[in-house]
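# Per-entry structural report
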Amino acid sequence: MAQWLQRWLDDHQGAPSTVTGYADHVRRYLTPLLGHLLLAEVAVAHVEENPASLVALPPTRRPRAVVWTAARVQHWRKTGERPAVAVWTAAQTAQFLDAIAAHRLYAAYYLIALRGLRRGEAAGLRGVMSTWTREPR
């Protein structure tokens, strides 16, 4: 397992900070607790009772969403700076949906905007989206 983990790290392509984080987890948790096992011997129970039980995730603060007011839009256009999380008003959402009414992904945007789907949930609707038709206006 230790050799496989090292090979996986060596072959992993990603942002340097991500690879560094993975390498730290492999060095601190996975190799010491699972490295002696043969790869074919590793089972879910090994991971659950050893490395996974030792990991303590740091607390995080979620950014607070703000509304795209006219002043925020003006500031964004002037500086390029935008809030970490910003939401549209109902009027802005309606304007967006009207502007893309003929777009092939209109149904996905509609569901996301008006039904609260997350991007990943909408992406999983590939087959459904091709058969879903928009209500007439």
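What comes next concerns the included structure. None of these values were measured; they are calculated from a predicted model.

Quick look at the overall build of the protein now. In terms of regular secondary structure, the protein is built from nine helices and two strands. Sequence-ordered secondary structure for the protein, helices as α and strands as β, is α-α-α-α-β-α-β-α-α-α-α. Per-residue burial over the protein gives 16% buried out of 137 residues. Across the protein, the fraction of contacts at a sequence separation of at least 24, relative to all contacts at a separation of at least 6, is 24%. Working note: accessible area of the protein is about 11100 Å², and carbon and sulfur atoms make up 56% of it.

In terms of nonpolar packing, the biggest core is built from six residues, these being Met-1, Leu-5, Leu-9, Val-26, Leu-34 and Leu-37. Elements that contribute at least two residues to this core include exactly helix H1 (2–11) and helix H2 (16–34). Those residues in contact with Leu-9, other than ones at most four positions away along the chain, are Val-19, Tyr-22, Ala-23 and Val-26. Core analysis: the next-biggest nonpolar cluster, separate from the first, contains five residues, Leu-97, Ala-101, Tyr-106 and Tyr-110 among them.

This part is about a nonpolar patch on the surface. Together, Trp-4, Trp-8, Tyr-22 and Leu-39 make up an exposed nonpolar region whose accessible area comes to about 370 Å². Note on placement: Trp-4 falls in helix H1.

Looking now at H2. Maximum bend of H2: about 45°, positioned at Val-26. All of the buried residues along H2 are Val-26, Tyr-29 and Leu-34.

Our focus in this paragraph is the packing of aromatic side chains. Following the criterion strictly, the structure yields five aromatic pairs and no others. Judged by centre distance (5.4 Å) and plane angle (40°), the ring pair of Trp-8 and Tyr-22 falls under tilted. On the criterion of sequence distance, the pair formed by Trp-8 in helix H1 and Tyr-22 in helix H2 is long-range, its members being 14 residues apart. Judged by its relative accessible area of 32%, Trp-8 is partly exposed. Here the aromatic rings of Phe-96 and Tyr-109 are separated by 5.5 Å at their centres, their planes lie at 85°, and the arrangement is edge-to-face. Of this pair, Phe-96 sits in helix H6 (residues 90–99) while Tyr-109 sits in helix H7 (residues 106–115), and the two are 13 residues apart along the sequence. With relative accessibility at 26%, the residue Phe-96 sits in the partly exposed group.

What follows covers the environment of Val-66. Along the polypeptide, Val-66 turns up in strand S1 (residues 66–67). If near-sequence neighbours (up to four positions away) are discounted, Val-66 is found in contact with Arg-72, Pro-83, Val-85, Ala-86 and Val-87.

What follows covers the layout of surface pockets. The volume enclosed by the largest pocket comes to roughly 390 Å³. Lining the largest pocket, in full, are Ala-86, Val-87, Trp-88, Thr-93, Phe-96, Tyr-109, Ile-112, Ala-113, Leu-117, Arg-118 and Arg-119. Among the elements of the structure, strand S2 (86–87), H6 and H7 are those that each provide at least two residues to the lining of the largest pocket. Of the residues that constitute the lining of the largest pocket, the class distribution is eight nonpolar, one polar and two charged.

Here is what the cut-offs are and how they apply
- Residues numbered from 1 in each chain as written.
- Predicted model: local features only at pLDDT ≥ 70, side-chain atom pairs only at ≥ 80, totals over all residues.
- Heavy atoms only, no water.
- Helix = DSSP H or I, 4+ residues; strand = E, 2+ residues; numbered from the N terminus.
- Buried < 20%, exposed > 50% of the residue type's maximum accessible area, 1.4 Å probe, protein only.
- Contact = heavy atoms within 4.5 Å.
- Areas by Shrake-Rupley, 256 points an atom, 1.4 Å probe, with all protein chains shown as cover.
- Core = buried A, V, L, I, M, F, W, Y, C linked by side-chain atoms within 4.5 Å.
- Patch = residues over 30% accessible without salt bridge, like charges linked within 9 Å, V, L, I, M, F, W, Y side chains within 5 Å.
- Salt bridge = Lys/Arg side-chain N within 4 Å of Asp/Glu carboxyl O.
- Bend = angle between axes of the 7 residues up to and from the residue.
- Phe/Tyr/Trp six-rings, centres within 6.5 Å; stacked < 30°, edge-to-face > 60°.
- 1 Å grid on protein atoms, 1.4 Å probe; cavity = no way out; pocket = protein on both sides within 12 Å on 5 of 7 lines; lining within 4 Å.
- Points joined across faces, edges and corners; volume = space filled by probe spheres on them.
- Nonpolar A, V, L, I, M, F, W, Y, C, P; charged D, E, K, R; others polar.

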